[in-house]
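Each chain, written out:
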Amino acid sequence: MNTKETHDVWNRIARWWDNEIGEGNDFQKTLIMPATDRLLEPKPGQTILDIACGNGNYARQMAQTGACVIACDFSDEFLQCARQRTRPEHGRIEYVRIDATDSAQLLSLGESRFDSAVSSMALMDMPTIEPLFSSLKKLLKPSGRFVFSLPHPCFNSNQSKMTAELINESGQTEQRFGVAIHKYLNVPPNLSSGIINQPEPHPIFHRPLSEIFKTCFDHGFVIDGLEEPAFPEISSSKNTFSWMRRPQIPPAIVIRATRT
């Protein structure tokens, strides 16, 4: 599975995804966006790079804080969706077609231009992340932050299985919902559907935390912030296999890497 295969799939399913997530689905609004806000702390006047922006919903949220946002994606279809959803009142946003696995394209954005960068639930869609981190070292200003989120590799991968049990102990009956993992360190690339009934699966690239952290360290970043958001205990869902039934298990991880 290479970048071209990944690109072609996302171009085919981009408009379906845009229709499904709009300005943010429950997963994004409850878990990803709040945690990213806390770690990124976007401020008026900052210039922020949004990598693999999709339909631009988080770019628009950041721009409304007064930041200037450069939002990029390698899917022309996603960028069209983003531009169609963007209004003047959203603030300053520029959408650019950039392949985040291509260092030359990334560096064309301008060295030492950005106060911070963000990538929401996208690194697992990239066949390689080395070019991104090596480029970010040059794109970010000194002490610039890169906040990225991805499915929690310990619990949420193409090798994980949702479990549901009926426990009867001491006369008490209890339903328990969990996750079963049988492979974590070496999981080959595979196909996955991020949303139920997705028209076709897309390639996904699992990386254990040790590999992700090593990539950060190798390129001069320190990890100085991390959240593992989960749905609150009061969440309810009729779907046995929903993450809302598993409030003690974080389906995502949000990491802040700061340039040294």
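Here the structure is shown first, and the text comes after it.
First, a word on scope: everything that follows refers to the structure included in this document.

Criteria and thresholds
- Residues numbered from 1 in each chain as written.
- Predicted model: local features only at pLDDT ≥ 70, side-chain atom pairs only at ≥ 80, totals over all residues.
- Heavy atoms only, no water.
- Helix = DSSP H or I, 4+ residues; strand = E, 2+ residues; numbered from the N terminus.
- Rg over C-alpha atoms; globule rule 2.2 N^0.38 Å.
- Buried < 20%, exposed > 50% of the residue type's maximum accessible area, 1.4 Å probe, protein only.
- Contact = heavy atoms within 4.5 Å.
- Areas by Shrake-Rupley, 256 points an atom, 1.4 Å probe, with all protein chains shown as cover.
- Lys, Arg positive; Asp, Glu negative; His and termini not counted.
- Charge placed at Lys NZ, Arg CZ, Asp CG, Glu CD.
- Phe/Tyr/Trp six-rings, centres within 6.5 Å; stacked < 30°, edge-to-face > 60°.
- Salt bridge = Lys/Arg side-chain N within 4 Å of Asp/Glu carboxyl O.
- Pairing = 2+ DSSP bridges.
- Axes fitted to C-alpha atoms, helices over the stretch in contact; angles between N-to-C directions.
- Polar contact = N/O pair within 3.5 Å; in protein donor to acceptor, adjacent residues only side chain to side chain.
- Core = buried A, V, L, I, M, F, W, Y, C linked by side-chain atoms within 4.5 Å.

Our focus in this paragraph is the overall build of the protein. Along the protein, the regular secondary structure elements total seven helices and eleven strands. Over its C-alpha atoms the protein spans a radius of gyration of 19 Å, differing by no more than 12% from the 18 Å that the globule rule assigns to 260 residues. Seen through its principal axes, the protein has C-alpha atoms that stretch 65 × 40 × 35 Å. Relative to its 260 residues, the protein shows a buried fraction of 50%. Counting only contacts in the protein whose residues sit at least 6 apart along the sequence, the fraction spanning at least 24 positions is 70%. For the protein, the accessible area works out to roughly 12100 Å², and carbon and sulfur atoms hold 50% of it. For the protein, the separation between the mean place of its 27 positive charges and that of its 30 negative charges on side chains is 2 Å.

Residue A52 is not a glycine yet carries a positive backbone phi of 60°. Here A52 is to be found in the loop between β1 (47-51) and α3 (57-63). The phi dihedral of N197 falls on the positive side, at around 70°, and the residue is not glycine. Topologically, N197 is positioned in the loop between β8 (190-192) and β9 (202-204).

Attention now goes to the packing of aromatic side chains. For the structure shown, the criterion picks out eight aromatic pairs. Plain terms: the ring middles of F133 and F146 are 5.5 Å apart, the flat faces sit at 70° to each other, and that makes the pair edge-to-face. Taken as a pair, F133 in helix α6 (residues 130-139) and F146 in strand β5 (residues 140-151) lie far apart in primary sequence, 13 residues in all. Judged by its relative accessible area of 0%, F133 is buried. Taken together, the ring pairs in this structure connect F133, F146, F148 and F221 into an aromatic cluster.

With that settled, consider the pattern of salt bridges. Counted under the stated rule, the structure contains 14 salt bridges. Put simply, D18 and R85 hold a salt bridge, and the shortest N to O gap is 2.6 Å. Here the residue D18 occupies a position in helix α1 (residues 3-21), and R85 occupies one in helix α4 (residues 76-85), the gap between them amounting to 67 residues. Taking relative accessible area as the criterion, D18 reaches 11% and is therefore assigned buried. By relative accessible area, R85 is classed as partly exposed at 26%. When salt bridges with common partners are traced through the structure, they connect D18, E23, R60 and R85 into a single cluster.

Mapping G178 onto the fold places it in strand β7 (residues 172-181). Distance from G178 to R246, taken between C-alpha atoms, is 6.3 Å for residues 68 residues apart in sequence. Once residues lying within four places of it in the same chain are set aside, the contact partners of G178 are K161, M162, T163, R246 and I249.

Reading across from one edge, β3-β2-β1-β4-β5-β11-β10 is the order of the seven strands in this open sheet, with mixed pairing throughout. Lying at the two open borders of the sheet, with one neighbouring strand each, are β3 (93-97) and β10 (221-227). Shown here is a sheet whose adjacent strand axes are inclined to one another by a mean of 20°, direction ignored. In this structure, β5 lies alongside strand β11 (residues 252-259), joined through seven bridges in antiparallel fashion. Bridge pairing in β11 places V147 opposite R256. Packing of α6 onto the sheet brings it into contact with β1, β4 (114-119), β5, β10 and β11, and relative to β5 it is tilted by some 150°. Against the sheet, helix α7 (residues 209-218) contacts β5, β10 and β11, and its axis sits at roughly 135° relative to β10.

What follows deals with the side chain of Q28. Its place among the elements puts Q28 in helix α2 (residues 26-40). With a relative accessible area of 18%, Q28 lands in the buried category. There is a polar contact of 3.2 Å between the side chain of Q28 and the side chain of N57.

The subject of this paragraph is the nonpolar core. Counting 39 residues, the largest nonpolar core has L49, I51, L136, F146 and F148 as its most contacted members. Put simply, the parts of the chain that give this core at least two residues each are α2, β1, β2 (68-73), β4, α6, β5, α7 and β11. Contacts of I51, omitting those with residues within four sequence positions, involve C72, A100, A117, V118, S119, S120, M126, L132, L136 and F146.

Structurally, H90 is set in the loop between α4 and β3. Look at H90 and you get buried, because its relative accessible area is 13%. Beyond its immediate chain neighbours, meaning those up to four positions away, H90 contacts R60, A63, Q64 and R85.

Any functional reading would require information beyond the geometric quantities listed.
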